[in-house]
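Observations on chain architecture
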Amino acid sequence: MSMHFSLLFMILVLAFLMGCALSQAQGLNTSYQPSFQDDDKADFILNNSYIVLNAIQVTPDVSNGALIVNMSGRALYGKQFKLWSENKGITRASFNSTFVINISPQTVPGGEGLAFIIAADHNLPQNSEGQWLGIVNAETNGSGTANIVAVEFDTRKSYTEDLDDNHVGLDVNSINSIKQVSLTNFGLNLSAGNDTLVNVIYDGKNMTVFVSLRDKDGVVSRRNQAFSESIDLSAYLPQNVFVGFSASTSSVTQLNCVKSWVFQGSDIGDGSNKLLWVYITAPLVTILLMSIAFLLLWKLIYRKKQLVDSYDNVEEEIKGSSMAPLKFRDYSSGIANWLWELYGYGRILDGVDPKLEEEYQVEEVECMLLLGLGCCHPNPHHRPSMKTVLQVLTGEAAPPNVPTKRPNFVWPAMPPSFNASDCSLAGGQLAPFSDMDGR
């Protein structure tokens, strides 16, 4: 008992320490689906954003009657994501961000837009309302100090370079997108108040964006690839970044909602993480191997002791004689004999433990009892093999045919192919073997 407890304790310690190592080495993975809850606000850094009505309202809604003109907001996950590392060259992480947005115009037309952002700073830039989408402002637009990359969903043509008032774009330190695609081409209208399913994938080399329309029943339309653009995020962003959403309104307004979000970011590792794994796994593997060796040794000693005890018992009952010692004339097994007697009277179920109170399947119990009698046959050659036993237990075979009267014990046991004539030598020099009642 103490051995098992010690082994279990070591395994638990091993699992705990491995978990600690994993918690330091794993990437950023988070899931808020099918919707956000009020308690989720503790996970986010919210700047003029709120979690209400089971969604992130990236800019304030109108539920309290306040004006929502010229607003901007940010909602970023509270823990940073390691985007890249520099260890014998730059290694870039990959991520998959899937979210559902719903943009509902409050004026005609509505505006301005919503974006998925990857940023060095969680703070909301001042004066980032209107065309700036909470991404940058007039001072930081186009500047390398902005340290932000965004996938924008723009609902207003705010400047000449804007493609239209219904497009998705890739922004780098600026709202002047390096790539734009009109969603009208896919039959999607951001300002229609419908749910739009978005999937942003970065593989370390390319940023790919997919969009789909999701109806009120949750049915998703065809998945459309909006664009796939080659980009090295390590050239624009620091190693550790925040991920989340930004949005804005101007004199024209809209509700900017994120209804669900799943983010999965891979771990890229670095030199310190590698050493961490070495320092933790080396002693733990040693402990595990020692535990396994100790368990195997204990089992070997215990099994050897059982074999010795079993051998001593056999020696006490059988002294190597093949001539049926007298002690075997009293061969009996009380339980087996009693059950066999009940079987002979057609009342084998009387042998069932009354504590079961008849809460059992009669056929299954009868099958098990017959199998037990078959395994107790005095002649081992008539006992079912382990293969047959397993087939009976699994219902693949019927129980063995058991005689209603318990056969006599015969020494030595003869296989089924033998008969009395087989046991005599030519000329009658050896008489047939007899049962334990004598020759």
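Heads up: the structure comes first, above all this text.
For clarity, every value in this text was computed on a predicted model and none was experimentally measured.

The rules behind these values
- Residues numbered from 1 in each chain as written.
- Predicted model: local features only at pLDDT ≥ 70, side-chain atom pairs only at ≥ 80, totals over all residues.
- Heavy atoms only, no water.
- Phe/Tyr/Trp six-rings, centres within 6.5 Å; stacked < 30°, edge-to-face > 60°.
- Helix = DSSP H or I, 4+ residues; strand = E, 2+ residues; numbered from the N terminus.
- Buried < 20%, exposed > 50% of the residue type's maximum accessible area, 1.4 Å probe, protein only.
- Lys, Arg positive; Asp, Glu negative; His and termini not counted.
- Salt bridge = Lys/Arg side-chain N within 4 Å of Asp/Glu carboxyl O.
- Polar contact = N/O pair within 3.5 Å; in protein donor to acceptor, adjacent residues only side chain to side chain.
- Contact = heavy atoms within 4.5 Å.
- Axes fitted to C-alpha atoms, helices over the stretch in contact; angles between N-to-C directions.
- Parallel < 35°, antiparallel > 145°, perpendicular 65-115°, else oblique.
- Left-handed = near helix turned anticlockwise from the far one by under 90°.
- Core = buried A, V, L, I, M, F, W, Y, C linked by side-chain atoms within 4.5 Å.
- Patch = residues over 30% accessible without salt bridge, like charges linked within 9 Å, V, L, I, M, F, W, Y side chains within 5 Å.
- Areas by Shrake-Rupley, 256 points an atom, 1.4 Å probe, with all protein chains shown as cover.
- Expected span 1.5 Å × (residues − 1).

1. Some words on the packing of aromatic side chains
- As enumerated under the stated definition, the model contains 16 aromatic pairs in all.
- Taking the centre distance of 5.2 Å and the plane angle of 50 degrees together, the rings of tyrosine 32 and phenylalanine 44 count as tilted. In this pair, tyrosine 32 sits in strand 1 (residues 29–32) while phenylalanine 44 sits in strand 2 (residues 44–47), placing the two residues 12 residues apart along the sequence. Like tyrosine 32, the residue phenylalanine 44 is buried in the burial classification.

2. Remarks on the side chain of aspartate 171
- By secondary structure assignment, the location of aspartate 171 is in strand 12 (residues 167–172).
- There is no salt bridge for the buried aspartate 171, and the closest opposite charge comes from arginine 74, which lies 11 Å off by N-O distance.
- At a separation of 2.5 Å, a polar atom in the side chain of aspartate 171 contacts the side chain of serine 177.
- When residues no more than four places from it in sequence are discounted, the contact partners of aspartate 171 are Ile135, Ile148, Val149, Ala150, Glu152, Asn176 and Ser177.

3. A look at the environment of leucine 370
- Counting through the fold element by element, leucine 370 comes out in helix 4 (residues 362–375).
- By relative accessible area, leucine 370 is classed as buried at 12%.
- Along the chain, leucine 370 and proline 400 lie 30 residues apart, while their C-alpha atoms are 7.0 Å from each other.
- Contact partners of leucine 370, with chain neighbours within four places excluded, come to Tyr343, Ile348, Pro399, Pro400 and Val402.

4. With respect to the packing of helix 3 (residues 334–344) against helix 4
- Direction vectors running N to C along helix 3 and helix 4 enclose 125 degrees, while the axes themselves pass 11 Å from each other. Taken together, helix 3 and helix 4 sit at an angle that is classed as oblique. Along this stretch, helix 3 crosses helix 4, giving a crossing that reads as left-handed. Judged by residue contacts, Ala336, Leu339, Trp340 and Tyr343 of helix 3 engage Leu369, Leu370 and Leu373 from helix 4.

5. Re unusual backbone geometry
- Backbone torsion omega between valine 108 and proline 109 reads -5 degrees, so that peptide bond is classified as cis.
- By secondary structure assignment, the location of proline 109 is in the loop between strand 9 (95–105) and strand 10 (113–119).
- The peptide bond linking glycine 111 to glutamate 112 adopts the cis configuration, its omega dihedral lying at 10 degrees.
- Position of glutamate 112 relative to the elements: it lies in the loop between strand 9 and strand 10.
- Despite not being glycine, asparagine 54 has its phi angle at roughly 60 degrees, a positive value.
- Residue position: asparagine 54 is located in the loop between strand 3 (50–52) and strand 4 (55–57).
- The class for asparagine 54 is partly exposed, based on a relative accessible area of 40%.
- Of note, the phi angle at asparagine 173 is positive, near 55 degrees, even though the residue is not glycine.
- Position of asparagine 173 among the secondary structure elements: in the loop between strand 12 and strand 13 (179–182).
- Owing to a relative accessible area of 8%, asparagine 173 belongs among the buried residues under this scheme.

6. Details of the nonpolar core
- One finds Phe95, Phe99, Met207, Leu233 and Trp261 to be the most contacted residues of the largest nonpolar core, which totals 49 residues.
- One finds Ala115, Ala119, Trp132 and Ile148 within the second-largest nonpolar core, a separate group that totals 14 residues.

7. A look at a nonpolar patch on the surface
- On the surface, Val285, Leu288, Leu289, Ile292 and Leu296 cluster together to form a nonpolar patch covering roughly 450 Å² of accessible area.
- Take leucine 289: it is sitting in helix 2 (residues 271–317).

8. Some details on helix 4
- Relative to the 20 Å expected for 14 residues at 1.5 Å per residue, helix 4 spans 20 Å between its end C-alpha atoms, a close match to the ideal helical length.
- Within helix 4, burial applies to Val365, Cys367, Leu369, Leu370, Leu371, Leu373 and Gly374.

9. Some thoughts on the pattern of salt bridges
- For the structure on display, the rule yields 5 salt bridges.
- Residues aspartate 350 and arginine 347 are paired through a salt bridge, measuring 2.8 Å at the closest nitrogen-oxygen approach.
- On the basis of relative accessible area, arginine 347 is assigned to the partly exposed category, the value being 42%.
- In this structure, a network of salt bridges that share partners links the residues Asp195, Arg214 and Lys259.

The values reported here are purely geometric and, on their own, carry no functional implication.
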